[in-house]
Amino acid sequence: MTTGQPYTFMQSPLTRIPEPLRIFLLGVVYAFLCAAALWLSYELRFDFSVPENYQTDRLQALGYVVPLKLLALWGFGQFRGILSFFRIPDLSRLTLALLSVAGVCLAIRQWDVFGLAQIPRGVILSDLLLSSYLLAGFRIALRLVKEKSASVAFSKAPRHRL
């Protein structure tokens, strides 16, 4: 029998990263995916020909929507826990976080709060959907990578006959 930590073959590479660095890297990935979703939402809304005035609004919107999404994701616990265990409760928290940001964007649009960029309603809706798909897809991909690495490591683990 081997010595050392039991079940090390089941550990994800993400568990070996120190938590502050893991949170930072996760924030960078989440920010990139959220920015890509918003950018693509504008492109889809205007058939990949965004008018000049909306191009400046898009840049301003990136400056406040992405931090709002990161704050909401943090508040709904998407930076805590084991990232590779993505279950239905995690999906519902992720969706609630993104829905709350979409609600804030609609409120900013409705009441012209702080003179921020007016995001078109179609962009808000498609951004909500794309952000949900991208972030959930990222978390599911982490789960699949962990399960694949665990199954490969498990198949290489020494076997003992009883």
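The following paragraphs examine the structure supplied in this document. (Residues numbered from 1 in each chain as written. Predicted model: local features only at pLDDT ≥ 70, side-chain atom pairs only at ≥ 80, totals over all residues. Heavy atoms only, no water.)

**Here's the deal with the overall build of the protein**
Inference 1: Along the protein, the regular secondary structure elements total four helices and zero strands.
Inference 2: Listing the helices and strands of the protein from first to last along the sequence gives α-α-α-α.
Inference 3: Out of the 162 residues belonging to the protein, those deemed buried represent 34%.
Inference 4: Put simply, 74% of the contacts in the protein that link residues at least 6 apart link residues at least 24 apart.
Inference 5: Accessible surface, the protein: about 10200 Å² in total, of which carbon and sulfur atoms supply 68%. (Helix = DSSP H or I, 4+ residues; strand = E, 2+ residues; numbered from the N terminus. Buried < 20%, exposed > 50% of the residue type's maximum accessible area, 1.4 Å probe, protein only. Contact = heavy atoms within 4.5 Å. Areas by Shrake-Rupley, 256 points an atom, 1.4 Å probe, with all protein chains shown as cover.)

**Observations concerning the pattern of salt bridges**
Should their charged atoms come close, side chains of opposite charge can pair.
Inference 1: For the structure on display, the rule yields five salt bridges.
Inference 2: A salt bridge links Arg 58 to Glu 43, with the nearest nitrogen and oxygen atoms 2.6 Å apart. One end of the pair, Arg 58, is in helix H2 (residues 52-75); the other, Glu 43, is in helix H1 (residues 19-45), with 15 residues separating them in the sequence. This pair shows no difference in class: Arg 58 is buried, exactly as Glu 43 is.
Inference 3: One salt-bridge network, held together by shared partners, links Arg 87, Asp 90 and Arg 93. (Salt bridge = Lys/Arg side-chain N within 4 Å of Asp/Glu carboxyl O.)

**Digging into H2**
Inference 1: Taking 1.5 Å per residue, 24 residues should reach 34 Å; H2 reaches 35 Å between its end C-alpha atoms and fits that length.
Inference 2: Every buried residue belonging to H2 is among Arg 58, Ala 61, Leu 62, Tyr 64, Val 65, Val 66, Lys 69, Ala 72 and Leu 73, and all of these are buried.
Inference 3: Of the residues flanking the end of H2, it is Gly 77, one or two places downstream, whose phi is positive at about 75 degrees. (Expected span 1.5 Å × (residues − 1).)

**Observations concerning the nonpolar core**
Inference 1: Of all hydrophobic cores here, the largest spans 33 residues; its most connected members are Tyr 42, Val 65, Ile 119 and Leu 135.
Inference 2: Taken together, the elements giving at least two residues each to this core come down to H1, H2, helix H3 (88-111) and helix H4 (121-156).
Inference 3: Residues contacting Ile 119, with those up to four places away along its chain left out, are Tyr 42, Ala 61, Tyr 64, Val 65, Cys 105, Arg 109 and Ile 124. (Core = buried A, V, L, I, M, F, W, Y, C linked by side-chain atoms within 4.5 Å.)

**Examining the packing of H1 against H2**
Inference 1: As a packed pair, H1 and H2 sit with axes 9 Å apart at the nearest point and diverge in direction by 140 degrees. Comparing their axes, H2 and H1 come out oblique. Between H1 and H2 lies a crossing whose hand is right-handed. Between H1 and H2, the contacting residues are Ile 23, Gly 27, Tyr 30, Ala 31, Cys 34, Ala 35, Leu 38, Trp 39, Tyr 42 and Glu 43 on the first element and Tyr 54, Asp 57, Arg 58, Leu 59, Ala 61, Leu 62, Val 65, Val 66, Lys 69, Leu 70, Leu 73 and Trp 74 on the second.
Inference 2: Grouping the amino acids of the contact of H1 with H2 by side-chain chemistry returns 17 nonpolar, one polar and four charged. (Axes fitted to C-alpha atoms, helices over the stretch in contact; angles between N-to-C directions. Parallel < 35°, antiparallel > 145°, perpendicular 65-115°, else oblique. Left-handed = near helix turned anticlockwise from the far one by under 90°. Nonpolar A, V, L, I, M, F, W, Y, C, P; charged D, E, K, R; others polar.)

**Quick word on the packing of aromatic side chains**
Inference 1: Scanning all chains against the criterion turns up four aromatic pairs.
Inference 2: A ring pair is formed by Tyr 30 and Phe 79, whose centres lie 5.2 Å apart and whose planes are at 75 degrees; its orientation type is edge-to-face. Of this pair, Tyr 30 sits in helix H1 while Phe 79 sits in the loop between H2 and H3, placing them 49 residues apart in sequence. Neither Tyr 30 nor Phe 79 differs from the other in exposure class; each is buried.
Inference 3: The interplanar angle of 45 degrees and the centroid separation of 5.4 Å between the aromatic rings of Trp 74 and Phe 79 together place this pair among those described as tilted. (Phe/Tyr/Trp six-rings, centres within 6.5 Å; stacked < 30°, edge-to-face > 60°.)

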